[in-house]
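Residue-level listing of the chains:
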Amino acid sequence: VKKIGVLTSGGDSPGMNAAVRAVVRAGIDQGLQVYGVYDGYLGLYENHIEELTRRSVSNIINRGGTVLGSARFPQFKELSVREKAVENLKAANIDALVVIGGDGSYMGAKALTEMGYPCIGLPGTIDNDINGTDYTIGFFTALNTVLEAIDRLRDTSTSHHRISIVEIMGRHCGDLTVSAAIGGGAEFCIVPERGLDEADLIAKLKAQVGRGKKHAIVALTEKVTDANALAQKIEAETGLETRATILGHIQRGGNPTAFDRLLASRMGSYAVDLLVQGEGGRCVGIHNDQLVHHDIIDAMENMRRPFNDKLFDLSIKLA
Ligand code: ATP
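In this text the structure is predicted, and so the values were computed from the model without any measurement.

### Concerning the packing of helix α1 (residues 16-29) against helix α9 (residues 258-276)
It is at 7 Å that the axes of α1 and α9 come closest, and there the two elements cross at 40°. Classed by the angle they form, the pair α1 and α9 counts as oblique. Here α1 and α9 pass one another in a crossing that is right-handed. Facing α1, whose interface residues are A18, A19, A22, V23, A26 and G27, α9 presents R261, A264, S265, G268, S269 and V272.

### What to know about the UniProt feature "active site" (unreviewed entry) in the protein
Per the UniProt record, the feature "active site" (unreviewed entry) sits at D127. Relative to the assigned elements, D127 resides in the loop between β5 (119-123) and α5 (139-159). When its relative accessible area of 8% is taken as the criterion, D127 is described as buried. For D127, the residues in contact, after removing those within four places along its chain, are M169, G170, R171, C173 and D175.

### Topic: the confidence of the model for the protein
For the protein, mean pLDDT is 96; residues scoring 70 or higher make up 100% of the total. This complex was scored by the predictor with a pTM of 0.95 and an ipTM of 0.90.

### Considering helix α8 (residues 227-238)
The first and last C-alpha atoms of α8 sit 16 Å apart over 12 residues, in line with the 16 Å expected at 1.5 Å per residue. Along α8, the positions that sit buried rather than exposed are A227, L230, A231, I234 and T238. For α8, the buried positions fall inside an angular range of 100° around the axis, keeping them on one side. Opposite the buried face of α8, by more than 90 degrees, sit the exposed residues Q232 and A236. Of the surrounding elements, those touching the buried residues of α8 are β6 (163-168), α7 (198-210), β8 (216-221) and β9 (242-246). Near the N-terminus of α8, the side chain that reaches the backbone nitrogen of N228, with its oxygen 2.9 Å away, is that of D226. G239 sits one or two residues past α8 and shows a positive phi near 80°.

### Some details on the site of the ligand
The ligand sits among 16 residues. The nearest are R72, F73, G104, S105 and R171. Separating an oxygen atom of the ligand from a backbone N or O atom of G11 is a distance of 3.2 Å. F73 places a main-chain nitrogen or oxygen 2.6 Å from an oxygen atom of the ligand. Expressed as a share of its isolated accessible area of 620 Å², the protein-covered part of the ligand is 86%. Sort the elements by how many residues they give to the shell around the ligand and helix α4 (residues 103-114) lands first, with 5 residues. Across the shell around the ligand, the residue classes break down as 5 nonpolar, 7 polar and 4 charged.

### Quick notes on the sheet that holds strand β11 (residues 290-295)
Taken in spatial order, the 7 strands line up as β3-β2-β1-β4-β5-β10-β11 in an open sheet, and their pairing is mixed. Of all the strands in the sheet, just β3 (49-52) and β11 have a single pairing partner and so form its edges. Neighbour-to-neighbour, the strand axes of the sheet open up by a mean angle of 30°, direction not taken into account. Bridge analysis of strand β10 (residues 282-287) against β11 gives 6 bridges, and the strand direction is antiparallel. By the bridge assignment, H287 is partnered in β11 with Q290.

### Quick look at the nonpolar core
Counting 32 residues, the largest nonpolar core has I4, V6, V98, I100 and L122 as the members making the most contacts within it. Of all elements in the fold, only β1 (3-8), α1, β4 (96-101), β5, α9 and β10 reach the threshold of two or more residues within this core. Beyond its immediate chain neighbours, meaning those up to four positions away, I100 contacts V6, L7, T8, S9, M16, A19, V20, L122 and G124. Core analysis: the next-biggest nonpolar cluster, separate from the first, contains 25 residues, Y35, Y41, Y106 and M300 among them.

### Concerning the pattern of salt bridges
This structure, assessed with the given rule, holds 15 salt bridges. Between D295 and K110 there is a salt bridge, and its shortest N-O distance comes to 3.3 Å. With a gap of 185 residues between them, D295 in strand β11 and K110 in helix α4 connect regions that are remote in the sequence. Residue classification places K110 among the buried positions, given a relative accessible area of 14%.

Cut-offs and rules
Residues numbered from 1 in each chain as written. Predicted model: local features only at pLDDT ≥ 70, side-chain atom pairs only at ≥ 80, totals over all residues. Heavy atoms only, no water. Axes fitted to C-alpha atoms, helices over the stretch in contact; angles between N-to-C directions. Helix = DSSP H or I, 4+ residues; strand = E, 2+ residues; numbered from the N terminus. Parallel < 35°, antiparallel > 145°, perpendicular 65-115°, else oblique. Left-handed = near helix turned anticlockwise from the far one by under 90°. Contact = heavy atoms within 4.5 Å. UniProt positions renumbered as here; feature names shortened; annotations may be inferred. Buried < 20%, exposed > 50% of the residue type's maximum accessible area, 1.4 Å probe, protein only. pLDDT = per-residue confidence, 0-100. Expected span 1.5 Å × (residues − 1). Arc of directions from axis to C-beta. Polar contact = N/O pair within 3.5 Å; in protein donor to acceptor, adjacent residues only side chain to side chain. Near = heavy atom within 4 Å. Areas by Shrake-Rupley, 256 points an atom, 1.4 Å probe, with all protein chains shown as cover. Nonpolar A, V, L, I, M, F, W, Y, C, P; charged D, E, K, R; others polar. Pairing = 2+ DSSP bridges. Core = buried A, V, L, I, M, F, W, Y, C linked by side-chain atoms within 4.5 Å. Salt bridge = Lys/Arg side-chain N within 4 Å of Asp/Glu carboxyl O.

Encoded structure:
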């Protein structure tokens, strides 16, 4: 391996830049030339590829988003499209790639590996929904963002005797919601892994109102239910004003926290080590603070992430 590429793909997450920087600098440190591919797999197809130097990645470790850009490019599932991408890699003499993204990006990395281009996947998403790792790059930054929002909502909902529903990202994974519920002191935590029992939630809220409690925070993972419709029902049943706040893409932005910068730096450097050792089709994770790597397909198909029941129970115990 003499020349490697790095790209970011799928939804962006804080810490992706720190990972790109680590790949570039660790690669150069190993005597490699490192190329940045812009806008994920789209840039690979459109040949938007440039060599990166140590200087090219100056001043980005602290920045959210991704300086390489990202894209949704579903056409990459087609063989003919990937063949064009492989031609571009061949023309630039790039032997291997580091792909920073989520599940979908891992599928692309696996497909390229099978076509003779070894790829290493790094887990970049705020959702913490990738198998084979305890934490993904961006999760803790997003968690801090959510906590800041909950703190602010608490101020106003306490003053106005209001129930606040906070809709939190995570797609089908409740990790961000559970951690935010504990850290933000939410009264209720609703996650896809446990589902929503509306009647039970309303009964508990009513009981609280009966005991004189005049405000509450409900942490809710996106996609479980319509947050605004739920707010209307709760208001009708409890008589307390109820508002839903959908945090949305705010959660994706912001400067990465210390943990995410360290995680991304460690993982980026480790990905280069793996490529130099001739590995491909692997995804990097962190488990009990040790860097680990797994076969991408095995990780996606067989290594189901167990839902953290203990943390969920704690969110209820301390509510
Ligand atoms: P996030 O979890 O943040 O949404 P993601 O990586 O899962 O990130 P996707 O949009 O699912 O986001 O995937 C990113 C890109 O990976 C796709 O736009 C596409 O270019 C490529 N991709 C996804 N699935 C495949 C596949 N089966 N084969 C080849 N490429 C794929």
